[in-house]
Amino acid sequence: MASTYEPIATTTLGSATAAITFSSIPSTYTDLKIIIVATASVSGSALQFIFNNDSASNYSVTLINGNGVNASSNKYSNQSTGYGLVASSSTGLSTSVPSFLSIDIFSYAGSTFKTALVAGNADKNGSGNVEYDVNLWRSTSAINRIDLSAQSANLSAGTTATLYGIKAA
Amino acid sequence: MANTYTLISSNVLSASATSITFSAIPSTYTDLVLRISARSDSTFSSGIPESLVVTFNGSGASNYSKTTLYGNGANALSVRDTATANAILSFNAVGNGVTANTFGNAEIYVPSYLSSTSKPFSSFGTGENNATTAYIAANAALWNNTVAITSTTIIPGNGSNWLSSSSFYLYGIKNS
């Protein structure tokens, strides 16, 4: 049986770093998936990502989240990055408790705009957040580079990120 | 290229069982995935959901917590458990009080299960049953323990047994 879920690259930070970069992503897969376990240098930071070094206002996101008390939904248009885990002291990344995020990027090598679904899990034993973000990158270019970062913060030592490729055939 | 999404073990019930345990989980993977289709003997009335109650390494210490986002067909809501003796992954299964032949379905993802830090994990599941009320739920959970995970047990939160035909599959994912 053909392997359809293949590791492309993985990074574990030995020290605090502004961004984790996956570059030269091959175009031989159908979809991409990123698994991230992260802490950040500033409590409450959002997890951000950009594709192909594009930091123009080509991203938008619609999200639904629950903070243990309320459920809510928001939408942000014309952003300069994609998002997972909205930024606030209770909902964003922690400085000490790892959060788990998965990012599914669909048809990343296609010639239409790109959708990325982020599942963010940031329970902190008494506070925290569970969140789903649908991100749109308005570009027809194939994705060949992804930069992950924490908003206005560094990703802390011990943060891990793995990029997988998923083949339809 | 290595096969990175590998079945470690499965348990498809031919009779009721009080719990499901996967033990001696090998340390050769990076992440774990549990895929579950489950129905319990809970006799709660239609619309009352069942939960997946998860422990790791047999630990019943109050080191688990979770934040849940769920919808019941009418509203979106959120609840939280703090410092519990197990992870109650809400609304991810169904009980025997709801429509016959319906099972709740869920995926539990445990990244970095060998790490020496506390373990975040997630579940996403449904309990659709063609009744007035059904549930879809996402749980962000945390096991605040620094030891590697070597076993996991899943029991029903409301019922006493998982019913026949419930299925539990444990997969390992390698990052290299």
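Preceding this paragraph is the structure being described.
Small disclaimer: the values here were computed from a predicted structure and weren't measured.

(A) Structural detail: the pairing of strand 6 (residues 76–84) of chain B. All names here are of chain B. As paired strands, strand 5 (residues 64–71) and strand 6 are joined by seven bridges and run antiparallel to one another. Within the sheet, the bridge partner assigned to L69 lies in strand 6 and is S78. Connecting the antiparallel pair strand 5 and strand 6 is a turn made up of four residues, with G73 showing a positive phi of about 90°.

(B) Just the packing of aromatic side chains, in detail. According to the stated counting rule, one finds 16 aromatic pairs over all chains in the structure shown. Summarising the aromatic geometry, the rings of Y5 of chain A and Y164 of chain A are spaced 5.0 Å apart at their centres and angled 50° between planes, so their arrangement reads as tilted. With Y5 of chain A in strand 1 (residues 5–12) and Y164 of chain A in strand 12 (residues 160–166), this pair connects stretches of sequence that are 159 residues apart. For the pair Y5 of chain A and Y164 of chain A, one class covers both residues: buried. When the ring of F100 of chain A is compared with that of Y109 of chain B, the centres are 5.2 Å apart and the planes differ by 25°; the resulting orientation is stacked. Of this pair, F100 of chain A sits in strand 8 (residues 99–106) while Y109 of chain B sits in strand 8 (residues 104–110), which puts the two residues in different chains. The exposure classification of F100 of chain A matches that of Y109 of chain B, with both residues buried. Here the aromatic cluster, defined as three or more aromatic residues joined through ring pairs, consists of Y5 and Y164 of chain A together with Y5 and Y171 of chain B.

Criteria and cut-off values
Residues numbered from 1 in each chain as written. Chains lettered and ligands numbered in written order. Predicted model: local features only at pLDDT ≥ 70, side-chain atom pairs only at ≥ 80, totals over all residues. Heavy atoms only, no water. Pairing = 2+ DSSP bridges. Helix = DSSP H or I, 4+ residues; strand = E, 2+ residues; numbered from the N terminus. Phe/Tyr/Trp six-rings, centres within 6.5 Å; stacked < 30°, edge-to-face > 60°. Buried < 20%, exposed > 50% of the residue type's maximum accessible area, 1.4 Å probe, protein only.

Remember that the coordinates give geometry; whether it matters functionally is a separate question.
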